[in-house]
There are 2 protein chains.
Amino acid sequence: MRAPKIPEATITRLSVYSRYLMKMKRQGKITTSSPDIAQGAGVNPAQVRKDLSFFGEFGTRGVGYNVEQLNWDVLKILSLDEEWSVALVGFGHLGHAVAMHRVFKERGFNFTSIFDRDPEKIGTKVKDIEILPMEQLEKVVAQNHTRIGIITTPADSAQAIADSLVRAGVQAILNFAPVHLSVPETIELREVDLAVNLEVLTFHMEMQRQGFASSRPANF
Amino acid sequence: MRAPKIPEATITRLSVYSRYLMKMKRQGKITTSSPDIAQGAGVNPAQVRKDLSFFGEFGTRGVGYNVEQLNWDVLKILSLDEEWSVALVGFGHLGHAVAMHRVFKERGFNFTSIFDRDPEKIGTKVKDIEILPMEQLEKVVAQNHTRIGIITTPADSAQAIADSLVRAGVQAILNFAPVHLSVPETIELREVDLAVNLEVLTFHMEMQRQGFASSRPANF
């Protein structure tokens, strides 16, 4: 069976809407509207309604959405109503930024192990998590039943680490190393290349320079 | 006039193809093919041909592509055949990771100024670039005719920084702060949220768990 045809961009926007709903919740707002959410996410209101419509009926016509209920519904759609055990491999500057990112914690992503090859980092602690040597990766990730691995190492070691993560039983890998990884079909893989984002920008800038109207990229 | 209808995903894939073409060039390869590029980028060969077809005719039927020529053509499409002056605002772990990212330098992105608010960082140097106080941002960015600003600060200061960058004359902003920014229509804005990528993964994992075949996300 194929997954329902839900555009990838819809999922990423739901994640952004959810972030904004959480902010409204913190601010004590009770109800909201699609124009309101749209403004917070930088899209148009019809887009918000269309994205939500893939998953059912939300809100009440003329009244809007209950912030807490919609936030919960979106979290459920994204499967963020549970805790996810995450292993972080590579504790350079990017790994550090990921581990410290407030949003990960808020959203139920729980860093259960961190690995690095630098002897000076091994044995030190980050938020009560001891940094372990690479040699322990497979054993520890399997023992913890960790489902997600995040790779923030240089490109040349990323494939071997992905292989280890797969052997240890993870179901998904988020790869920040600037190289394409091969993993079995059953593993969800997402690759983020920091430089690609900059290059999409320069493409659009050149379009503008040539006199084309800005086709503001669909962000996120 | 509207920009030609080129899918956003095509641009991001071109950037990935180009990275792989550069690698082949370094390895001394003379010719390549769409299956070859496809494998290096994790897509299918028809996708490679379709993406390139938006921009004209490349390669020779039965022979393939000349690596150096195609690499140059793709760089030109992405406007990477010139140097881009970039200002980096925020020198925490993420800012550090961005400044040190090998790929940015390789691709003609030239960090001409770095700003932070931490008195301990101000005055120190990173790759010969002195870290400057935030108060100098507008003046220095304007003087350097910097066209791109990268924001890697916490969410709460990001909008004010974006406003300063716009006043200083940048044409594009890459925002890593987990908040949506408002900028004038003429500014190209791209927002990267590290956590969103993880949430797209969990959505797909849940789809798999529910028995749907993996709809491997279109990466990058």
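Residues numbered from 1 in each chain as written. Chains lettered and ligands numbered in written order. Predicted model: local features only at pLDDT ≥ 70, side-chain atom pairs only at ≥ 80, totals over all residues. Heavy atoms only, no water.

Participant: Now, about the UniProt feature "binding site: NAD(+)" (unreviewed entry) in chain A: what can you tell me, with residues and values included?
Facilitator: UniProt marks A:Gly90, A:Phe91, A:Gly92, A:His93, A:Leu94 and A:Gly95 with the feature "binding site: NAD(+)" (unreviewed entry), using the numbering shown here. Structurally, A:His93 can be placed in helix α5 (residues 93-100). Contacts of A:His93, omitting those with residues within four sequence positions, involve B:His93, B:His96 and B:Ala97. Summarising the element assignment, A:Leu94 is placed in helix α5. Once residues within four sequence positions are removed from consideration, A:Leu94 is found in contact with A:Thr152, A:Phe176, A:Leu194, B:Leu94 and B:Ala97. (UniProt positions renumbered as here; feature names shortened; annotations may be inferred. Helix = DSSP H or I, 4+ residues; strand = E, 2+ residues; numbered from the N terminus. Contact = heavy atoms within 4.5 Å.)

Participant: Please provide a residue-by-residue account of the environment of B:Ala46, values included.
Facilitator: Residues and elements named next belong to chain B. Within the element layout of this structure, Ala-46 appears in helix α3 (residues 45-53). The exposure class of Ala-46 is partly exposed, given its relative accessible area of 44%. Spatially, the C-alpha atom of Ala-46 lies 31 Å from that of Lys-105, the residues being 59 residues apart in sequence. (Buried < 20%, exposed > 50% of the residue type's maximum accessible area, 1.4 Å probe, protein only.)

Participant: Before we move on, can you summarise helix α9 (residues 194-209) of chain A with the specific residues and values?
Facilitator: Residue pairs three or four apart in sequence face the same way in an α-helix, which turns once every 3.6 residues. All names here are of chain A. The end-to-end C-alpha distance of α9 is 24 Å, a good match for the 22 Å that 16 residues give at a rise of 1.5 Å each. Counting buried positions along α9 gives 14 out of 16 residues, so the element sits mostly inside the fold. Just past α9, the residue Gly-211 takes up positive phi, approximately 95°. (Expected span 1.5 Å × (residues − 1).)

Participant: Can you explain the sheet that holds strand β5 (residues 125-126) of chain A? Please cite residues and give values.
Facilitator: Residue and element names in this part refer to chain A. Taken together, 7 strands build an open sheet; the order of strands is β5-β6-β4-β3-β7-β8-β9 and the sheet is mixed. Either end of the sheet is taken by a strand with one partner, and the two such strands are β5 and β9 (188-191). One ladder, built from 3 bridges, connects strand β4 (residues 109-116) with strand β6 (residues 129-133); its direction is parallel. In the strand pairing of β6, Asp-116 is matched with Pro-133. (Pairing = 2+ DSSP bridges.)

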